[in-house]
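# Analysis of the macromolecular model
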Amino acid sequence: SAVISQKPSRDICQRGTSLTIQCQVDSQVTMMFWYRQQPGQSLTLIATANQGSEATYESGFVIDKFPISRPNLTFSTLTVSNMSPEDSSIYLCSVRQNEKLFFGSGTQLSVL
Amino acid sequence: GENVEQHPSTLSVQEGDSAVIKCTYSDSASNYFPWYKQELGKRPQLIIDIRSNVGEKKDQRIAVTLNKTAKHFSLHITETQPEDSADYFCAAGGVGGANSKLTFGKGITLSVRP
């Protein structure tokens, strides 16, 4: 299975600031996905990051709040912009390989 | 879009008993159904999956069954052990390409009593 490295693993941020989360995969993948998991909740898809084109956002998520970069087939970033306490969550990048979905280790974000 | 319902939300079983977790989905176009186990503070881990052209799949103590007509699928864990205690999530979606995204159920917390 793909090895997915994500950083930072956790961060505590002030309201109004932005945080960029990095995701590195050990092999080339066509699609990368960013999920959010709020405390005690399920996994909600934020967007699909496609190399060479704009990310595709799910209902309720917008590019201004969660800009995504995908410069190549092994790397992506998710920025959480103008943060508020409601953004406190775990953010997970994931990739599909041979139809199976694998997750990175996650970034636990706390916004004060 | 796809909607995945998972029930119950919590389940407690005695060690050695079986556990069954059920999910329903709404989109008849979905053809891939994985199950994930998430231990506290860790990433979700794929434990078993099934494609729509198969009715059942088994891997040691874990099995998944799919009923396409009724749009539901279930995870079966036999001879449960304390280390099976975790959150379990079902998902539904496509196998790849434009239909690559997966929609997850709300999850269930399984507790195995020693």
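Scroll up to find the structure this text is about.
A quick note: this is a predicted structure, and the numbers were derived from the prediction, not measured. (Residues numbered from 1 in each chain as written. Chains lettered and ligands numbered in written order. Predicted model: local features only at pLDDT ≥ 70, side-chain atom pairs only at ≥ 80, totals over all residues. Heavy atoms only, no water.)

## Here's the deal with the packing of aromatic side chains
For the structure on display, the rule yields 11 aromatic pairs over all chains. With a centroid separation of 5.5 Å and an interplanar angle of 90 degrees, the aromatic rings of Tyr35(A) and Phe104(B) are classed as edge-to-face. Of this pair, Tyr35(A) sits in strand β4 (residues 31-37) while Phe104(B) sits in strand β10 (residues 102-104), each in a different chain. Phe104(B) carries the same exposure label as Tyr35(A), and that label is buried. Pairing Phe66(A) with Tyr91(A) gives two aromatic rings, centres 6.5 Å apart and planes at 45 degrees, and the pair type is tilted. Taken together, the positions of Phe66(A) in the loop between β6 (56-57) and β7 (68-72) and Tyr91(A) in strand β9 (residues 89-97) put the pair 25 residues apart, joining distant regions of the chain. (Phe/Tyr/Trp six-rings, centres within 6.5 Å; stacked < 30°, edge-to-face > 60°. Helix = DSSP H or I, 4+ residues; strand = E, 2+ residues; numbered from the N terminus. Buried < 20%, exposed > 50% of the residue type's maximum accessible area, 1.4 Å probe, protein only.)

## With respect to the pattern of salt bridges
Considering all chains together, one arrives at eight salt bridges over all chains under this definition. Salt-bridge contacts for Lys65(A) lead to Asp87(A); the nearest nitrogen and oxygen are separated by 2.6 Å. Taken together, the positions of Lys65(A) in the loop between β6 and β7 and Asp87(A) in the loop between β8 (75-80) and β9 put the pair 22 residues apart, joining distant regions of the chain. As a salt-bridge pair, Glu99(A) and Arg51(B) come within 3.1 Å of each other at their nearest N and O atoms. On the criterion of chain membership, the pair formed by Glu99(A) in the loop between β9 and β10 (100-103) and Arg51(B) in strand β5 (residues 45-51) is interchain, its members lying in two chains. Taking the relative accessible area as the measure of exposure, Arg51(B) reaches 35% and is therefore partly exposed. Each of Lys100(A), Asp49(B) and Lys57(B) takes part in one network of salt bridges that share partners. (Salt bridge = Lys/Arg side-chain N within 4 Å of Asp/Glu carboxyl O.)

## Things to note about the sheet that holds strand β7 (residues 62-67) of chain B
Residues and elements named next belong to chain B. One open sheet accounts for five strands, arranged β1-β3-β8-β7-β6; its pairing is antiparallel. The outermost strands of the open sheet, each flanked by one partner alone, are β1 (4-7) and β6 (56-59). Strand after strand, the sheet turns through a mean of 15 degrees between neighbouring axes, direction not considered. Where β1 meets strand β3 (residues 19-25), four bridges bridge the pair, whose relative direction is antiparallel. Looking at the pairing, Val4 lines up with Tyr25 of β3. (Pairing = 2+ DSSP bridges. Axes fitted to C-alpha atoms, helices over the stretch in contact; angles between N-to-C directions.)

## What about the interface of chain B and chain A?
Facing the 20 residues of chain B at the interface are 18 residues of chain A. When the two sides are added together, the surface that chain B and chain A hide from each other amounts to roughly 1600 Å², 52% of it contributed by carbon and sulfur. When the area that chain B buries against chain A is broken down by residue, the three leading residues are Arg43(B), Lys101(B) and Phe104(B), summing to 33%. In this structure, the connection of chain B to chain A is made through three salt bridges. The interface formed by chain B and chain A holds nine residue pairs in polar contact (both at pLDDT 80 or more) in total. (Contact = heavy atoms within 4.5 Å. Buried area = accessible area lost by both parts, 1.4 Å probe. Polar contact = N/O pair within 3.5 Å; in protein donor to acceptor, adjacent residues only side chain to side chain.)

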